[in-house]
Amino acid sequence: MARDKVILAYSGGLDTSVMVPWIGEKYNLDVVAFTVDLGQGEDIERIRQKALRTGAVDAVALDARNLFVDCFVFPALMAGALYEGKYPLATALGRPLIAKLMVDAAREHKAVAVAHGCTGKGNDQVRFDVTFQTLAPDLKIIAPVREWKMSRDEEIAYAAKHGIPVEATKENPYSIDLNLFGRSCEAGVLEDPWDEPPADAFAWTVDPAKAPNEPLYLTLDFEQGRPVALDGEKLDGAPLIERLNKLGGQHGVGRIDHVENRLVGIKSRELYEAPAAVILHEAHRELESLCLSKPAQRFKTLVSQEYADMIYNGLWFSAFHQDLFAFVASNQRFVAGQARVKLFKGKATVVGRKSEHSLYSKKLATYESGDSFDHDAAKGFIRLFGLSQQTQAQRQLLKGNKGFDLPGLLGPESK
Ligand code: ARG
């Protein structure tokens, strides 16, 4: 008799390979392996074949790169979402998409459960489970690594016993995750936040000290806050990001060393490489400085922070996200134009920006001839601007002629 099915998020690595027979034995379920290409640079068809050799009853491989960029990465960029001001959220953006596609697959294959390879210590389990719980509360969630408590050697023994092909790769000293918006590296020697990350922790970027001595200049075009062209060439999101990763990486751009506050209550030291993300956030923010009014720019920083936390915490499929995005979409409607970025020795610096919607007015700003700013109006403006402070000083602070007493600021001799 055919067994019920489970959709397993399958990477082709040791953990998720061992899960195929393990879930069969422990839960009496048939495994449908599910692999998504988010630009991690792996051959998903090869992974799909491996799943079938490992005992999956079916295996699905999907290229979701464009969906990932258009519906997840670019909204986060428009929002200016950087977790704790640093992490561009590559992994955190990928998880809800993978989970959503798994739910779709579960419906298609009439599966009763979903499974993933996350540990019980990280953020990723939260992002998967919250998404499953939100979109398909009827599906059972299985997280074998949280349960099985096998060491790597025990897993290898288990794999051998079940005839699972284990590639003879050396154990990586780090825990790595990647998709086209960034690569993360944790564990091993990185666990001491005092130690400088060694060269072998990096894979996408050259050491900035060894980057070319000549800078590289790029021009990025944006429309409604979304990047649309590189050096005048219209590009879809995924190839645009892939190209920026390569160029940025060659110049050592995109290294981020972050001691981060995980959702599960621990601090962890994470090393990111995200050349495209760093370049795009810089360029986008500089273009905003032309196109957004002062209050819109200020308020946006609050939204950016909320947006980043929302993504980091796995709450992508929430009404609150819809509310935040409504603001972002409106806020971004005049963010169009170009930013000119210089890549040099590990830094991406915006050296020029222009926009048809620019609020910058040379006639108002100039100190040279052609100035149209009304200098006479400044006097009356300042009288009113300072009025409340003046009133308060008279009525309160200067009463009794005590003068100003700002401890420490004016110093004892100023009395
Ligand atoms: N700390 C990052 C985050 O929470 C990266 C996680 C990487 N995941 C992994 N399974 N290695 O988004």
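Residues numbered from 1 in each chain as written. Predicted model: local features only at pLDDT ≥ 70, side-chain atom pairs only at ≥ 80, totals over all residues. Heavy atoms only, no water.

S.K.: Can you explain the site of the ligand? Please cite residues and give values.
M.R.: Taken together, 15 residues are adjacent to the ligand, and Tyr87, Asn123, Asp124, Arg127 and Glu260 come closest. The separation between a nitrogen atom of the ligand and a polar side-chain atom of aspartate 124 is 2.8 Å. Interatomic distance of 2.7 Å between a side-chain N/O atom of glutamate 260 and a nitrogen atom of the ligand. Computed on the free molecule, the ligand has an accessible area of 350 Å², of which 87% lies beneath the protein chains in the complex. Taken together, the elements giving at least two residues each to the shell around the ligand come down to α4 (90-108), α5 (124-135), β6 (175-179), β7 (182-186) and β12 (267-273). Ranked by residue count, the leading element in the shell around the ligand is α4, at 3 residues. Its residues assigned to classes, the shell around the ligand comprises 4 nonpolar, 4 polar and 7 charged. (Near = heavy atom within 4 Å. Polar contact = N/O pair within 3.5 Å; in protein donor to acceptor, adjacent residues only side chain to side chain. Areas by Shrake-Rupley, 256 points an atom, 1.4 Å probe, with all protein chains shown as cover. Helix = DSSP H or I, 4+ residues; strand = E, 2+ residues; numbered from the N terminus. Nonpolar A, V, L, I, M, F, W, Y, C, P; charged D, E, K, R; others polar.)

S.K.: I'd like a rundown of the sheet that holds β12, residues and numbers included.
M.R.: Either a parallel or an antiparallel arrangement is found when strands of a sheet pair, and the pairing is made through backbone hydrogen bonds. Pairing in this open sheet of 4 strands is antiparallel, and the strands run β6-β7-β12-β11 from one edge to the other. Of all strands in the sheet, those with a lone pairing partner are β6 and β11 (255-261), marking the two edges. Ignoring strand direction, the axes of neighbouring strands in this sheet form an average angle of 25°. In this structure, β7 lies alongside β12, joined through 3 bridges in antiparallel fashion. The residue bridging arginine 183 from the neighbouring strand is glutamate 273, located in β12. (Pairing = 2+ DSSP bridges. Axes fitted to C-alpha atoms, helices over the stretch in contact; angles between N-to-C directions.)

S.K.: Tell me about the nonpolar core, residues and numbers included.
M.R.: In this structure, Leu89, Leu93, Leu220 and Ile311 are the most contacted members of the largest nonpolar core, which totals 79 residues. Broken down by element, this core gets its largest block of residues, 11 residues, from α4. Discounting residues that sit within four places of it in the chain, leucine 93 has contacts with Phe68, Phe72, Val73, Ala76, Pro88, Phe181, Ile311 and Trp316. Counting residues in hydrophobic clusters, the runner-up holds 25 residues, among them Val20, Leu29, Ala33 and Ile142. (Core = buried A, V, L, I, M, F, W, Y, C linked by side-chain atoms within 4.5 Å. Buried < 20%, exposed > 50% of the residue type's maximum accessible area, 1.4 Å probe, protein only. Contact = heavy atoms within 4.5 Å.)

S.K.: Mind laying out empty space enclosed by the protein, listing which residues take part and the relevant values?
M.R.: Using the criterion set out here, one finds 1 cavity of 30 Å³ or more in the structure. Computed from the structure, the largest cavity encloses a volume of approximately 40 Å³. Around the largest cavity, the lining residues are Tyr87, Pro88, Leu89, Ala90, Thr91, Phe181, Gly182, Arg183, Ser184, Tyr272, Glu273 and Ala274. Those elements that place two or more of their residues in the lining of the largest cavity are α4, β7 and β12. Here the element with the most residues in the lining of the largest cavity is β7; it accounts for 3 residues. Broken down by class, the residue content of the lining of the largest cavity amounts to 7 nonpolar, 3 polar and 2 charged. (1 Å grid on protein atoms, 1.4 Å probe; cavity = no way out; pocket = protein on both sides within 12 Å on 5 of 7 lines; lining within 4 Å. Points joined across faces, edges and corners; volume = space filled by probe spheres on them.)

Limitation: the analysis is restricted to geometry and does not speak to function.
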